[in-house]
Each structure stands twice: as structure tokens, then as C-alpha cells.
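Descriptive analysis of the structure
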Amino acid sequence: MANQHLEQFIEVAKRVGAEVLQLEDLEAAAKYISSVASGTTLVPETPLAVKHNLRSLLAAEDVEVFSGNFREAGHVPAGGVTFCNFCMADSGTVVLESTDESIRLATTLPETHFVIVDPEKILEDNLAAVTPMTQMHTGSDPKFVAYITGPSRTADIERVLTIGCHGPRELHILLVNNVSSDLMEN
Amino acid sequence: MKTNTNYKESVEQAIANPKLSKALHLFGDAYLIARENAYRGLDFEQMRTELSDIKEEVRLNRKELLAEFIKNAEAAGSKVFLAKNTKEANDYVIKLAKSKDAKLIAKSKSMVSEEAHFNKAVQAHGIRAAETDLGEWIIQLAGQRPSHMVMPAIHMFKEEVAELFSKEAGKTLTPEIKTLVDHARTRLRQEYFDADIGLTGANFLVANTGGIGLVTNEGNARLCATLPKVHVVFASIHKLVRNIEDAIKITRLLPRNATGQLLTSYVTWIKGCVPCDGEQKEQHIVLIDGGREALYESKACRDALKCIQCGACANVCPVYQTVGGHVFGSIYISAIGVILTAFYEGLDKAKDITRACIGCRSCVAVCPSKIDLEEIILHLRNEVTKEYGMGVIKNVAFKAVMKNRGLFHSMVRAASKLQRPVTHKNRKEGEPRIIRHLPLHFLDRDFTEWRDLPSIAPKSFRDQFDTIPQTLFNPDYKVGFFVGCGADFVYPEVGVSLIKVLNSLNVEVVFPKGQNCCGIPALYSGDTETGLDLAKQSVEAFTEAEVDYVLSICPTCTMAVKRDFVDRLADHPQWAAKARELSAKTMDASAFLENVLGASQKLASTTTDQSVTYHDSCHLKRGSNVYKEPRALLKSTGITVKEMKNSDRCCGFGGTYSFLSHPQISKQITADKVSAIEATGVKTVAMDCPGCMIMLKGAVGKANESIRCVHTIELLAEAIDNNKK
Ligand code: SF4
Ligand code: SF4
């Protein structure tokens, strides 16, 4: 069943400056990423990345997947590819549990962040996110959760909106079915 | 721009530099549109009431919540330090840095670090603090302080930024915004990698998780919290919230209200010592009181701690738009800045800016935490007056004269004979004369240069009332008329018109002679004692009159009777109940006509074929929520209402504000209003406030004599006259 918030999510995410594409499968996503990113690409080995062999899929499309400590991939790598935990349709936001440092580096340092989203994971709004957010924060384990809405931006000079201040200049949201519907994994 | 050594000078300098004011006006206009779009489909009033309640809970349970936060943060590995003041906070970080032999701290935005003068403090110990927020970096390079809470460098232009960046980089950068942002991106990226410590603020301290929340757009806070081995959170204690749900609710308001965004690019939730380069990060949370506990204890001002620092109160403030945040503020700016300055830096530091607020309540209307900023500022102004006095002129005027009704009114009568009015060229029949030369020679010399001043009417309303015949058989209502000084002494014809309109709708008007000035001029100048006395006189008079309703044609008087009389007399047992009773039956004439009498139905069929633009008086729209009513009434008489831009922006009057304390700022605000009126091309501007009439008749008269300023009630009376013909 199509997610009832999909359409709104696409529209709002585009409005805040993200590229949004609906793709057939992960191979198609890998092809797309390869066509956009040229250079070092950070691909964290998260449970979903491992499960779906993301690194191999990307490497097969000649994406320069960086192996090693991401801190040594240069100050501004070309790309970062991640999955996400869930999304919020009303603000066009993707949410990533990023306690694993490699996820944080892959989503903050690169020029372009590609995030693969299963439409099943789109929630209506941030109020609907209260439950999974609270669930993520139970217990006393350290935690880092990032809401990402469009690319990095600033309006600090003459109030003119300018894209790409300190975070990624581009955010590409790749919608692919049957990746995962579990809001707790990415 | 230098820091304010001399307040008056800084006001003059700001006014002499219209470039900034122009930019702030453009920003203010764009902001209102973006904000409106962002709230589309949502109920702002409901949302802000909820936020205000959330913050109230935090205040009541702050001790427990703080303990809960600390317990949970420590369980996740954080070290928490409670700092009584900003000095203790700085010292803690300095000691920490020294123990790590740290030389560089990469900072993302933290307002409390501005309060602490953190950068200077660490620099004294050989530690460099690198601001990474673009705006903060710009002002750090310029050696200034922020002039806006969300956009710290809003007062600077790209040419100035290019100059600063070029100097720092040792090469010439072109003043193109994209180039400048790119330069900052590359240049500052190095700092995150080099820094030994990353310092961030916190928008939320989530008690039941022990985590923090950061709301940002640029992405620098995420880098500061990720790359360096040590993360310091520099946050003030009032950022506590109970749980994630409350924090999320705040994120629904904060970006919408700050920049008109649905959500900022990043909202980051960090709890405890997350992994860092193969190890665990070291996280220190410095929780700073710095005067907050004292503010929580102040019953009159504590609501200021509900602030979520969206900056909206600045964006809409006509004073801020005129002089900017370096003049109207200190570390914190505009409405909230006035209050926080008084508490965090001392009343002395806030003395001038408490008087700089014109009282238009625009800030109150947009505040997402529902803080009555204007009322708190008023309270502080009283404190300032207690502490520093009010100035000789006001002292004589309020204390010696106004309190004594007989003396006050006979002095006004005498003054009306003494002045020598010069007739206004295009004066309409019956319109009062306007003086070009001021009899009150003790005032500033440039006083009448940009506006005419009204003359005192030859015969006040109170002296005319008995001569006005009212022949009603079995009236539907008996209403008491609270005339107010403006209509009594300057525009008595508005009162006469009101009687005509009400009589035509079968309502009888009585005028209790014991009433006196509503007391707002004294109160707004910080003289509570006179205010109290005046309230008693009018409560007495109207209680004795036994009327169904009490009507005013001045929204400031209405607000005084409805709100301030009740407050002023709350602790006086023999008065409190009477004041509440009076409050309950008092309203503006337009509101009564429309909401009680349904007058727009009854007036219909009159045929006034004219176009009018309508100016919303601050206290009518934001004090009484009346703005539909006068428009409906005007339209019912066949008048076309052509809206002006920002019809609810202040006219610049503010009572003694425009005469005594800040005539220069007033002048600028009025100029905006006059051009908005002129731009409609309409020749009549209607309003529901004698104060606005004084200001606009005077200023419009100088700028464009063909435009007529008139009270709504007068237009209604004319329509009724037309009908009879
Ligand atoms: S009441 Fe008006 S002038 Fe005073 S601070 Fe608020 S917006 Fe500014
Ligand atoms: S006082 Fe209200 S409007 Fe002003 S910054 Fe704080 S929350 Fe925003």
C-alpha cells in the first residue's frame, strides 16, 4: 500500500531544497549515485547497509567507496550515502540515528548527502515522531539523533538565503521500496 | 558601530544611518509573509498557549527537573557542572582546557557565551575560541556584539563582510554573498579538525533523557559536536524541558517563528558520551544560572524565561527597525533584551532602553511563548523611575497637576485661551485648529519641525456635554462615556459624534463628571502612585453612574480601564470588586456598536460614496482584538476600505514617548506610516484613537495637506447626517 504521506513528503522536501527521486531498486539507486558523485564517497557499514550489500552495489557502479577511518577521507569528501530511520512528511525531514560516528561523518562532511528512504517509513509530522524518538532515547546509552531537512543553509549575510554553509550543499533523497520498515534501524 | 557609551548619541547615530533601518524594514516585511505561510493550517494561539503552559510547568518543577536531567546525563557519561554565574562557567572551561593542554575551541552559537564574554575570557589564558556560525564569525572578526539573536550580523552589509574576510584571509574577496559563504565554509572546516574542544549551546535540556537538543541551519553545531574529542555544552538552566515530546512541540514553533521555516535544516539530539574516533567522547555540560533564578523569583517578570529565543519580538518592533539592536538592546536585544538586560546586567544598564519601547504590543502579538513583553517592560520602567526619578517636567505635570482634577481641568481651560493657534490651510468646517508654534516652550526646539501639534479645543467635551440634547423615548441601553483626555480636550467633536451615532440607535449616553484621565501617561512614565489615584477617581465616578456599559473612543483608555485599573486596585479591598465590575462592562465604541448593537446591519443603506484607508491602533488591535468591527461599520455606510501596507504598525505616538522621551525615533516610525497612507492614494484615513489622530493629523498635515485624518465614529455620524438629508 502506498504511504499516504508520500506525496506531501516529496513536495515539501523539494520545497526546502532537496532532490527527491523515486527509484526501482537499490541497483538503480547505486547507478544514480554514481552518475552524480565523483570522488571519495563515505558509506557507513550500518545494519541496513550490510544487509543490502550497499558498499558492493555502489562499488559495482564505480562509486569510489572509501574504506578506512572516515576522519582520513579529507576535509570535504564528495559524497556520503546512508539509509534513514524515518521521515516526517509535513516538514520534508529525514531522521537518522547517528550514534555510530561514521554515520555522523558521512552526513556532515561531504558535499552531497544521498539518503535512501523506504516510503513505508514516512510519518505524518513531528508529533508522530514523538513515539519513535522517545523509544530511541530510552535507557542510558549515549545517543546522537539527527533531523535533516534539506541542505545546509545560512541567511547570515544580508538575510539572503544561501545554500551550503557548513554541511552538505546537496541532499538527494532516493525513495526505494522494500528496504526496511523498521523505524529503529538504518 | 561602537558600544553605547552615550545612549542619546547612539540613537542619533542610528537615525543618521538610514541604510540599516531600511534593511531592517525590508526584512521585517518579508518576515511577516514567511511567518504567515509557515503557520498556514495551524492554530498559533493554541500552540503558543501550550508552549507557555509547558514552560510554566518547568518553572514550577525546575528543581526536580534539573536533578532529573543531571542524573540522566551522568548515567550517559556526561560530566555536569552547575555554575552560579557566567564567571564560574568560564573558569570551568578554562580549567578543563588547561588540563587538556587545549589551544583551540571551535564554537557554535551560544547566546549565554556572549553573556559570559567567553571568547575574551579564554583568550586571556592563551586559548583561542573560533566562532563557526557564519554570523558570529563575522562579528567576531569585526570585534562587535550580535545585533539580533538569530541573525547576529544582520546590521552588516556584504561589502563590510568582504572587507573583514579579505583582511583575515590576506587576499581580496569580492563582495558576493556566495563567494563569502564559500570562503567561510572552506576556512572554518579547518577549525573543526584542528580544535581540541567543540563548544555548543543547547536549545533544550531534556530532563527525562539527560540529552540536549540543538536547532540550527548551517550544520556547524553538528561538526563542533562531532570532530573534536571533547564536547562542552554551554547552556543556561531555563532551557530545561520535561521530555522529548515537549522539546518537539517547541521545534514546531521555533523555526516557524524565527525565520518562517517549517523546520531548520538540522535538529540534533545528543545524549552522553557518543563514540569519537574509536574512543568515547568526553562531554561536559555547564549549566549556568547567571541571574535566572532571581528572574524566576520575580513575579512580575518571570515569564521572560519562557523565551525560546526566536528573535521575532525584534523582527516586528518598530523601534528595533528604526535604530537596530545595538541601540535597542545589549547582549540580548529588542523587547526580550530590555528585560534580560535588566536582570543579567543590572537595572542601570537597562535604564534607557526601558524607555525606548513605544508600547505598541507588536512583540506580544508574535511571541510564541505568549510573554506579555510590553507589560514586563512597563513594570521595569516603573522600577527605573523609582530608582532614578522621572525628570522634572513629568514630575510637575503628573504629580502636582493631573492628580488634582479641578486644577488639571482649569489649567487646560486656561491653556486653550493662552495658545495662539494658526489656522491650518485646508481645515474642514468644525475641525479644530492646529498650532504650528508650541506654547510649551520648555520642550525641544525641533519639536514642531516635522509635525503640527494639536491645539486644545476652545471648549472641552466635559464643558459641552450638558448642552447636547438627547431626546430618546425608552432607550435600549444607558451607557457611560469614558471620554479620555484626547477626546475631552483636543477632539471633543468625536464625543459629540458618538452621542449622535448612539442616539440614532436608541442608546442614551451619560457622562459622569467625576471621571479623570485614565492614568496611562503617568503610568507609562513610571509614576504608579498618580496612576493609582486616577484609577480610584474614575472607578468611583462610573460606579455611581449605574450604567449598562461604559464606552471609550480611545483604546488606550479602554485598556487602562479593563486591565490596568483592575491590576492597580487589586490590593485595595474597597476598590478591587468595583474595578472588576467596571472592567467587565467597558469596551471600545466600535466594538459596542458592532458586537452589542449589530450596527453594521442597521446603518446599511446610507450612501457615503468615498474611499477610506484604515489605520489599526496598537491598543485597539493588540490590546482589545478589535479590528474587524470598525471596518465592518465603515463598509456598512457604503465606504470602500482600501487597505494600506502594514495597517497595524504603530503610528509612532506612544503618548509622552513622542513628546518627551524619544521624539527622534517617533518621527521615523511616523514617517513610515505616512508613506503607507500616501501609497494607497486615498484621501481619508480613519482610525479609532485620539492619540493616533494627534500624531497623524500633525504629521500628515505637514507631509500632505490634502489627506484627512478622522475617527471612525465621526465618519459614521456623517453618514447618518447624509441619510437624513
Ligand atoms: S511594545 Fe512595540 S515598541 Fe515596545 S518592544 Fe514591543 S514591539 Fe517594540
Ligand atoms: S520573547 Fe518571545 S518573541 Fe522574543 S525572542 Fe523570546 S520567544 Fe521570541
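Quick note: structure is the one above.
Residues numbered from 1 in each chain as written. Chains lettered and ligands numbered in written order. Predicted model: local features only at pLDDT ≥ 70, side-chain atom pairs only at ≥ 80, totals over all residues. Heavy atoms only, no water.

Let's talk about the overall build of chain A
Our working rule: Elements are defined by DSSP. Helices are runs of H or I of four residues or more, strands are runs of E of two residues or more, and each kind is numbered from the N terminus. Our radius of gyration looks at C-alpha atoms and nothing else; its globule reference is 2.2 Å times the residue count to the power 0.38. The buried label applies to any residue whose accessible area, calculated with a 1.4 Å probe on protein chains only, is under 20% of its type's maximum; exposed applies above 50%, and partly exposed to all values in between. For accessible areas, the Shrake-Rupley method is used with a probe of radius 1.4 Å. Any residue's cover is judged against the shown protein chains and nothing else. Working convention for charge: Lys and Arg count positive, Asp and Glu count negative, and His plus the chain ends are omitted. Each charge is placed at NZ for Lys, CZ for Arg, CG for Asp and CD for Glu.
When its secondary structure is counted, chain A shows 6 helices and 12 strands. Compactness check: chain A gives a C-alpha radius of gyration of 16 Å against a globular reference of 16 Å for 186 residues, within 12% of the reference. Its C-alpha atoms give chain A principal-axis dimensions of roughly 45 × 40 × 40 Å. Residue burial in chain A is summarised as follows: out of 186 residues, 62% are buried. Looking at chain A as shown, the accessible area adds up to about 6900 Å², and 46% of this sits on carbon and sulfur atoms. Side-chain charges of chain A comprise 12 positive and 26 negative groups, with the mean position of each set lying 4 Å from the other.

A word on helix α28 (residues 573–584) of chain B
Residue and element names in this part refer to chain B. Stated precisely, the cut-off is as follows: Each helix should span, by expectation, one fewer than its residue count multiplied by 1.5 Å. Here the arc refers to the directions that run from the helix axis out to each C-beta atom. Any two residues whose heavy atoms approach within 4.5 Å are treated as being in contact.
Here α28 contains 12 residues, and its C-alpha end-to-end distance of 18 Å stays within 8% of the 16 Å for a straight helix at 1.5 Å per residue. Buried within α28 are the following residues: Trp575, Ala576, Ala579, Leu582 and Ser583. Each buried residue of α28 lies within a common arc of 135° when the element is viewed along its axis, so the set occupies one face. Opposite its buried face, α28 presents the exposed residues Pro573, Gln574, Arg580, Glu581 and Ala584, each directed more than 90 degrees away. Tucked into the core, α28 has its buried residues touching α26 (528–545), β17 (549–552), α27 (555–569) and β18 (586–588).

A word on the pattern of salt bridges
Residues and elements named next belong to chain B. This is how the line gets drawn: The rule for a salt bridge is simple: a side-chain nitrogen of Lys or Arg has to be within 4 Å of a carboxyl oxygen of Asp or Glu.
In total, this model carries 52 salt bridges over all chains according to the counting rule given. One salt bridge connects Lys158 with Glu159, and the closest N-O pair in it is separated by 3.8 Å. With relative accessibility at 25%, the residue Lys158 sits in the partly exposed group. Judged by relative accessible area, Glu159 falls into the partly exposed class, the value being 40%. Its salt-bridge partner being Asp672, residue Arg649 comes within 2.9 Å of it at the nearest N-O pair. Here Asp672 lies in helix α34 (residues 663–680) and Arg649 lies in the loop between β20 (640–641) and α33 (656–661), a separation of 23 residues in the sequence. When its relative accessible area of 12% is taken as the criterion, Arg649 is described as buried. By relative accessible area, which is 25% here, Asp672 ends up partly exposed. Salt bridges sharing common partners tie together Arg361, Asp372, Glu374, Glu375, Arg563 and Asp564.

Regarding the site of ligand 2
Going by this rule: Residue proximity to a molecule or strand is established when one non-hydrogen atom of the residue lies within 4 Å of it. For this scheme, ten residues count as nonpolar: Ala, Val, Leu, Ile, Met, Phe, Trp, Tyr, Cys and Pro. Four count as charged, namely Asp, Glu, Lys and Arg, and the remainder, Gly too, count as polar.
In the vicinity of ligand 2 lie 14 residues, with Cys307, Cys310, Gly311, Cys313 and Cys367 of chain B positioned nearest. Of the residues in the shell around ligand 2, the class split is 11 nonpolar, 3 polar and no charged.

Considering the nonpolar core
The condition is simple: In these notes, a set of buried Ala, Val, Leu, Ile, Met, Phe, Trp, Tyr and Cys residues joined through side-chain atoms within 4.5 Å is what counts as a nonpolar core.
Among the nonpolar cores identified, the biggest contains 111 residues, and Tyr147 of chain A together with Phe69, Phe328 and Leu373 of chain B are the most heavily contacted of them. Filtering out sequence-adjacent residues up to four positions away, Phe328 of chain B remains in contact with Cys317, Val319, Tyr320, Val323, Ile333, Ser334, Ala335, Val338, Ile353, Ala356 and Cys357 of chain B. Counting 50 residues, the second largest nonpolar core, distinct from the first, contains Val509, Phe511, Ile677 and Leu716 of chain B.

Notes on the interface of chain B and chain A
Under the convention used in this document: For this analysis, a polar contact is any N or O atom pair within 3.5 Å, provided that within protein one partner can donate a hydrogen and the other can accept it, and provided that sequence-adjacent residues contribute only side-chain to side-chain pairs. DSSP bridges decide pairing: two strands pair if at least two such bridges lie between them.
In this assembly, 66 residues from chain B lie in contact with 57 residues from chain A. Applying the counting rule to chain B against chain A returns 6 salt bridges. Across the pair Asp277 of chain B and Arg71 of chain A runs a salt bridge, and its minimum N-O distance is 3.8 Å. Remark: the boundary between chain B and chain A carries 36 residue pairs in polar contact (both at pLDDT 80 or more). Of all elements in the fold, only α2 (18–38), α8 (134–142), α9 (158–169), α10 (177–194), α11 (220–226), α12 (244–259), β9 (266–271) and β10 (275–276) of chain B reach the threshold of two or more residues within the side of chain B that touches chain A. A per-element tally of the side of chain B that touches chain A places α10 of chain B first, with 12 residues. Looking at side-chain class alone, the side of chain B that touches chain A contains 36 nonpolar, 15 polar and 15 charged residues. Where strand β9 (residues 143–148) of chain A meets β9 of chain B, 6 bridges bridge the pair, whose relative direction is antiparallel.

A look at the site of ligand 1
Residue and element names in this part refer to chain B. Around ligand 1 lies a shell formed by Cys317, Pro318, Val319, Ala335, Cys357, Ile358, Gly359, Cys360, Arg361, Ser362, Cys363 and Glu374. Those elements that place two or more of their residues in the shell around ligand 1 are α15 (318–323) and α18 (362–366). Partitioning the shell around ligand 1 into residue classes produces 8 nonpolar, 2 polar and 2 charged.

Here we look at the packing of aromatic side chains
All names here are of chain B. Definition in use: Two aromatic rings from Phe, Tyr or Trp, using only the six-membered ring of Trp, form a pair when their centres are within 6.5 Å; if the ring planes differ by under 30 degrees the pair is stacked, by over 60 it is edge-to-face, and anything between is tilted.
If you walk through the whole model with that rule in mind, you get 19 aromatic pairs over all chains. Residues Phe461 and Phe511 carry aromatic rings whose centres are separated by 5.3 Å and whose planes lie at 65° to one another, so their mutual orientation is edge-to-face. Pair noted here: Phe461 is in helix α22 (residues 461–464) and Phe511 is in the loop between β16 (507–510) and α25 (520–524), with a separation of 50 residues, a long-range link. Since its relative accessible area comes to 0%, Phe461 is described here as buried.

Digging into the sheet that holds strand β15 (residues 477–482) of chain B
All names here are of chain B. Convention followed: Only the contacting stretch of a helix is used when fitting its axis, a line to C-alpha atoms as for every element, and angles between N-to-C directions run 0 to 180 degrees.
With parallel pairing, 4 strands are arranged side by side in an open sheet as β16-β15-β17-β18. Of all the strands in the sheet, just β16 and β18 have a single pairing partner and so form its edges. Neighbour to neighbour, the strand axes of the sheet diverge by 35° on average, direction disregarded. Along the sheet, helix α24 (residues 492–504) contacts β15, β16 and β17; its crossing angle with β16, the most-contacted strand, is approximately 150°. Packed on one face of the sheet, α26 meets β15 and β17 and runs near 165° to β15.

Quick look at the sheet that holds strand β4 (residues 79–83) of chain A
Residue and element names in this part refer to chain A. The 6 strands lie next to each other as β1-β12-β7-β4-β2-β3, forming an open sheet whose pairing is parallel. In this open sheet, the two strands that pair with only one neighbour each are β1 (19–23) and β3 (64–65). Bridging between strand β2 (residues 40–42) and β3 involves 2 bridges; their strand directions are parallel. Bridging from a neighbouring strand, Thr40 pairs with Glu64 of β3.

Some words on the pairing of strand β21 (residues 684–687) of chain B
All names here are of chain B. Going by this rule: With its strands directed away from the observer, a crossover is right-handed exactly when the path from the first strand over the helix to the second travels clockwise.
Here β21 shows a buried face lined by Thr684 and Ala686 and a second buried face lined by Val685 and Met687. Note: strand β19 (residues 611–614) against β21, 2 bridges, orientation parallel. Bridging from a neighbouring strand, Thr613 pairs with Val685 of β21. With 4 bridges joining them, β21 and strand β22 (residues 708–711) adopt parallel strand pairing. Following the sheet pairing, Val685 is matched in β22 by Cys709. Between the parallel elements β21 and β22, the chain passes through helix α35 (residues 690–703) in a crossover that is right-handed.

Everything listed here is a matter of coordinates, which is why it stays silent on function.
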